[in-house]
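Each chain, letter by letter, is given below.
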Amino acid sequence: MLDQILHPSIDFGIETAFILIILVALEAVLSADNAIALASIAQGLTDEKEQNYALNIGLLMAYVLRMLLIVTATWIIKYWQFSLLGGLYLLWLTYQYFSGNEEKEEGEAKLSFKNLWQAIPMIAFTDLAFSLDSVTTAIAVADEIWLIIAGGTIGVIALRFLAQLFIRWIEEFTHLQDAGFITVGLVGLRLIIKVIYPNIVPPEWLMISIIIGMFVWGFSKKNEVEISK
(Lines give C-alpha, C1' and ligand atoms only; values in the text may rest on other atoms or scores of the structure.)
Protein backbone atom coordinates (compact mmCIF):
# COMPACT_ATOMS: atom_id res chain seq x y z
CA MET A 1 0.00 0.00 0.00
CA LEU A 2 2.81 2.42 0.93
CA ASP A 3 4.71 1.48 -2.22
CA GLN A 4 1.66 2.46 -4.33
CA ILE A 5 1.64 5.90 -2.69
CA LEU A 6 5.37 6.51 -3.26
CA HIS A 7 5.24 5.14 -6.80
CA PRO A 8 1.69 5.66 -8.10
CA SER A 9 0.68 4.11 -11.40
CA ILE A 10 -2.32 5.97 -12.84
CA ASP A 11 -3.95 4.29 -15.81
CA PHE A 12 -7.32 5.91 -16.47
CA GLY A 13 -9.16 3.60 -18.87
CA ILE A 14 -12.77 2.45 -19.19
CA GLU A 15 -12.29 -0.22 -16.50
CA THR A 16 -10.74 2.33 -14.12
CA ALA A 17 -13.61 4.77 -14.69
CA PHE A 18 -16.11 1.98 -14.02
CA ILE A 19 -14.39 1.01 -10.74
CA LEU A 20 -14.34 4.69 -9.68
CA ILE A 21 -18.09 4.96 -10.35
CA ILE A 22 -18.65 1.82 -8.23
CA LEU A 23 -16.54 3.25 -5.38
CA VAL A 24 -18.45 6.55 -5.44
CA ALA A 25 -21.79 4.69 -5.53
CA LEU A 26 -20.70 2.54 -2.56
CA GLU A 27 -19.67 5.66 -0.65
CA ALA A 28 -23.04 7.27 -1.37
CA VAL A 29 -25.05 4.23 -0.24
CA LEU A 30 -22.92 3.46 2.82
CA SER A 31 -22.82 7.15 3.83
CA ALA A 32 -26.58 7.67 4.16
CA ASP A 33 -26.72 6.67 7.82
CA ASN A 34 -23.37 8.37 8.41
CA ALA A 35 -24.77 11.64 7.03
CA ILE A 36 -27.80 11.63 9.30
CA ALA A 37 -25.61 10.90 12.34
CA LEU A 38 -23.35 13.83 11.47
CA ALA A 39 -26.40 16.03 10.84
CA SER A 40 -27.81 15.12 14.26
CA ILE A 41 -24.48 15.90 15.94
CA ALA A 42 -24.29 19.29 14.19
CA GLN A 43 -27.91 19.97 15.14
CA GLY A 44 -26.81 19.79 18.77
CA LEU A 45 -25.51 23.32 18.18
CA THR A 46 -28.26 25.95 18.20
CA ASP A 47 -26.60 28.46 15.87
CA GLU A 48 -26.79 27.67 12.13
CA LYS A 49 -23.38 29.25 11.44
CA GLU A 50 -21.82 27.08 14.14
CA GLN A 51 -23.50 24.01 12.63
CA ASN A 52 -21.94 24.75 9.23
CA TYR A 53 -18.56 25.52 10.78
CA ALA A 54 -18.62 22.31 12.83
CA LEU A 55 -19.46 20.26 9.73
CA ASN A 56 -16.73 21.93 7.66
CA ILE A 57 -13.95 21.56 10.26
CA GLY A 58 -15.19 18.19 11.51
CA LEU A 59 -15.30 16.69 8.02
CA LEU A 60 -11.90 18.19 7.18
CA MET A 61 -10.52 16.35 10.22
CA ALA A 62 -12.52 13.29 9.17
CA TYR A 63 -10.98 13.44 5.69
CA VAL A 64 -7.43 13.45 7.11
CA LEU A 65 -8.29 10.54 9.41
CA ARG A 66 -9.95 8.65 6.53
CA MET A 67 -6.87 9.09 4.30
CA LEU A 68 -4.67 7.80 7.15
CA LEU A 69 -7.05 4.86 7.49
CA ILE A 70 -6.78 4.08 3.76
CA VAL A 71 -2.96 4.31 3.80
CA THR A 72 -2.67 2.05 6.86
CA ALA A 73 -5.68 -0.18 6.04
CA THR A 74 -3.64 -3.31 5.26
CA TRP A 75 -2.08 -2.98 8.72
CA ILE A 76 -5.22 -1.91 10.63
CA ILE A 77 -7.43 -4.76 9.38
CA LYS A 78 -5.05 -7.20 11.09
CA TYR A 79 -6.10 -5.80 14.48
CA TRP A 80 -9.67 -6.57 15.55
CA GLN A 81 -9.43 -3.99 18.36
CA PHE A 82 -10.02 -1.13 15.89
CA SER A 83 -13.32 -2.60 14.68
CA LEU A 84 -14.38 -3.36 18.25
CA LEU A 85 -13.68 0.21 19.39
CA GLY A 86 -15.48 1.62 16.34
CA GLY A 87 -18.51 -0.58 16.99
CA LEU A 88 -18.63 0.30 20.69
CA TYR A 89 -18.36 4.00 19.88
CA LEU A 90 -21.33 3.84 17.47
CA LEU A 91 -23.40 1.92 20.03
CA TRP A 92 -22.48 4.52 22.67
CA LEU A 93 -23.56 7.29 20.28
CA THR A 94 -26.89 5.51 19.72
CA TYR A 95 -27.36 5.11 23.48
CA GLN A 96 -26.60 8.80 24.06
CA TYR A 97 -29.30 9.70 21.57
CA PHE A 98 -32.09 7.38 22.76
CA SER A 99 -31.35 7.81 26.48
CA GLY A 100 -32.15 11.51 26.07
CA ASN A 101 -35.61 10.92 24.55
CA GLU A 102 -37.47 11.29 27.85
CA GLU A 103 -35.46 14.32 28.93
CA LYS A 104 -35.99 16.34 25.75
CA GLU A 105 -39.17 17.95 24.55
CA GLU A 106 -40.62 17.02 21.17
CA GLY A 107 -38.80 18.71 18.31
CA GLU A 108 -35.71 19.49 20.43
CA ALA A 109 -32.28 18.12 19.45
CA LYS A 110 -31.45 14.92 21.32
CA LEU A 111 -27.71 15.72 21.39
CA SER A 112 -26.59 19.12 22.64
CA PHE A 113 -23.24 20.88 23.03
CA LYS A 114 -22.11 23.99 24.89
CA ASN A 115 -19.78 24.97 22.05
CA LEU A 116 -18.76 23.78 18.60
CA TRP A 117 -15.40 22.40 19.83
CA GLN A 118 -17.34 19.67 21.60
CA ALA A 119 -19.15 18.76 18.38
CA ILE A 120 -16.18 18.85 15.95
CA PRO A 121 -14.21 15.87 17.37
CA MET A 122 -17.42 13.83 17.59
CA ILE A 123 -18.16 14.51 13.90
CA ALA A 124 -14.61 13.47 12.93
CA PHE A 125 -14.55 10.26 14.97
CA THR A 126 -18.08 9.26 13.96
CA ASP A 127 -17.07 9.41 10.30
CA LEU A 128 -13.91 7.43 11.12
CA ALA A 129 -15.95 4.69 12.83
CA PHE A 130 -18.20 4.39 9.77
CA SER A 131 -15.15 4.40 7.48
CA LEU A 132 -13.77 1.20 9.04
CA ASP A 133 -16.31 -0.81 7.06
CA SER A 134 -16.48 1.30 3.89
CA VAL A 135 -12.68 1.42 3.44
CA THR A 136 -12.47 -2.36 3.78
CA THR A 137 -15.17 -2.67 1.11
CA ALA A 138 -13.33 -0.21 -1.16
CA ILE A 139 -10.07 -2.19 -0.86
CA ALA A 140 -11.94 -5.33 -1.88
CA VAL A 141 -13.26 -3.57 -5.01
CA ALA A 142 -10.12 -1.71 -6.15
CA ASP A 143 -6.41 -2.50 -6.00
CA GLU A 144 -5.10 0.96 -6.87
CA ILE A 145 -4.60 3.23 -3.85
CA TRP A 146 -5.25 6.42 -5.84
CA LEU A 147 -8.67 5.05 -6.87
CA ILE A 148 -9.60 4.36 -3.24
CA ILE A 149 -8.41 7.84 -2.22
CA ALA A 150 -10.34 9.44 -5.11
CA GLY A 151 -13.52 7.55 -4.12
CA GLY A 152 -13.03 8.51 -0.46
CA THR A 153 -12.46 12.17 -1.36
CA ILE A 154 -15.63 12.35 -3.45
CA GLY A 155 -17.46 10.50 -0.65
CA VAL A 156 -16.46 13.06 2.01
CA ILE A 157 -17.49 15.97 -0.25
CA ALA A 158 -20.86 14.30 -0.92
CA LEU A 159 -21.20 13.60 2.81
CA ARG A 160 -20.87 17.32 3.59
CA PHE A 161 -23.81 18.22 1.33
CA LEU A 162 -25.87 15.22 2.47
CA ALA A 163 -25.42 16.21 6.11
CA GLN A 164 -26.62 19.74 5.33
CA LEU A 165 -29.75 18.32 3.67
CA PHE A 166 -30.43 16.01 6.60
CA ILE A 167 -30.26 18.90 9.08
CA ARG A 168 -33.24 20.41 7.26
CA TRP A 169 -35.04 17.07 6.78
CA ILE A 170 -34.66 16.11 10.45
CA GLU A 171 -36.77 19.16 11.35
CA GLU A 172 -39.33 18.25 8.70
CA PHE A 173 -39.81 14.48 9.13
CA THR A 174 -40.90 12.97 12.47
CA HIS A 175 -39.11 9.61 12.41
CA LEU A 176 -36.02 10.45 10.35
CA GLN A 177 -33.61 11.07 13.22
CA ASP A 178 -34.76 7.90 15.04
CA ALA A 179 -34.36 5.88 11.83
CA GLY A 180 -30.86 7.25 11.34
CA PHE A 181 -29.69 6.35 14.84
CA ILE A 182 -31.21 2.88 14.65
CA THR A 183 -29.05 2.26 11.57
CA VAL A 184 -26.04 3.78 13.39
CA GLY A 185 -26.58 1.20 16.13
CA LEU A 186 -26.92 -1.58 13.55
CA VAL A 187 -23.64 -0.59 11.88
CA GLY A 188 -21.94 -0.58 15.30
CA LEU A 189 -23.44 -4.00 16.11
CA ARG A 190 -22.24 -5.35 12.75
CA LEU A 191 -18.67 -4.21 13.48
CA ILE A 192 -18.75 -6.00 16.86
CA ILE A 193 -20.26 -9.19 15.38
CA LYS A 194 -17.55 -9.07 12.71
CA VAL A 195 -14.98 -9.33 15.52
CA ILE A 196 -16.70 -11.89 17.78
CA TYR A 197 -18.62 -14.10 15.31
CA PRO A 198 -17.33 -13.34 11.77
CA ASN A 199 -19.22 -16.31 10.30
CA ILE A 200 -22.62 -14.75 11.05
CA VAL A 201 -21.88 -11.20 9.88
CA PRO A 202 -24.90 -9.89 7.90
CA PRO A 203 -23.99 -9.51 4.20
CA GLU A 204 -23.60 -6.04 2.70
CA TRP A 205 -26.78 -6.35 0.60
CA LEU A 206 -28.84 -7.14 3.71
CA MET A 207 -27.46 -4.11 5.57
CA ILE A 208 -28.21 -1.87 2.58
CA SER A 209 -31.76 -3.28 2.38
CA ILE A 210 -32.32 -2.61 6.10
CA ILE A 211 -30.94 0.93 5.77
CA ILE A 212 -33.27 1.61 2.82
CA GLY A 213 -36.21 0.23 4.82
CA MET A 214 -35.35 2.41 7.82
CA PHE A 215 -35.14 5.52 5.67
CA VAL A 216 -38.48 4.73 4.01
CA TRP A 217 -39.94 4.71 7.54
CA GLY A 218 -37.96 7.83 8.43
CA PHE A 219 -39.50 9.79 5.56
CA SER A 220 -42.98 8.34 6.08
CA LYS A 221 -44.38 11.09 8.33
CA LYS A 222 -43.97 14.86 8.33
CA ASN A 223 -44.10 17.00 11.43
CA GLU A 224 -47.29 18.97 11.86
CA VAL A 225 -46.83 22.62 11.07
CA GLU A 226 -48.78 25.04 13.22
CA ILE A 227 -50.47 27.70 11.11
CA SER A 228 -50.58 31.05 12.89
CA LYS A 229 -53.93 32.79 12.73
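Above this text you will find the structure in question.
Structure report, in brief. Position labels on residues start from 1 in each chain and follow its written sequence. Totals for whole chains, interfaces and linings use all residues, but because this is a predicted model, local features are given only for residues with pLDDT of at least 70 and pairs of side-chain atoms are given and counted only at 80 or more. Only heavy atoms go into the side-chain values, all of them from the structure, while hydrogens and water stay out.

Turning to the side chain of Gln51, a few remarks are in order. To qualify as a helix, a DSSP run of H or I must reach at least 4 residues; to qualify as a strand, a run of E must reach at least 2; elements of each kind are numbered from the N terminus. On the secondary structure map, Gln51 appears in helix H4 (residues 48–71). Here's how the labels work: a residue is buried when its accessible area is under 20% of the maximum for its type, exposed when over 50%, partly exposed in between, all with a 1.4 Å probe on protein chains only. For Gln51, a relative accessible area of 7% puts it in the buried group. Contacts of Gln51, omitting those with residues within four sequence positions, involve Ala42, Gln43, Leu45, Thr46 and Ile167. Working rule for contacts: check all heavy atoms of both residues, and any pair within 4.5 Å makes them a contact.

This part is about a nonpolar patch on the surface. Patch membership requires more than 30% relative accessible area and the absence of a salt bridge. Residues of like charge join within 9 Å; the nonpolar side chains Val, Leu, Ile, Met, Phe, Trp and Tyr join within 5 Å. We get accessible surface area from the Shrake-Rupley algorithm with a probe of 1.4 Å; when it comes to residues, only the shown protein chains can shield them. We count a salt bridge whenever a side-chain nitrogen from Lys or Arg sits within 4 Å of a carboxyl oxygen from Asp or Glu. On the surface, Trp75, Tyr79 and Phe82 cluster together to form a nonpolar patch covering roughly 300 Å² of accessible area. For Phe82, the location among the structural elements is in helix H6 (residues 80–98). By relative accessible area, Phe82 is classed as partly exposed at 34%.

Attention now goes to the environment of Leu189. Relative to the elements of secondary structure, Leu189 occurs in helix H9 (residues 176–196). According to the relative accessible area criterion, Leu189 is partly exposed, its value standing at 41%. Placed 103 residues apart in sequence, Leu189 and Gly86 show a C-alpha to C-alpha distance of 9.8 Å.

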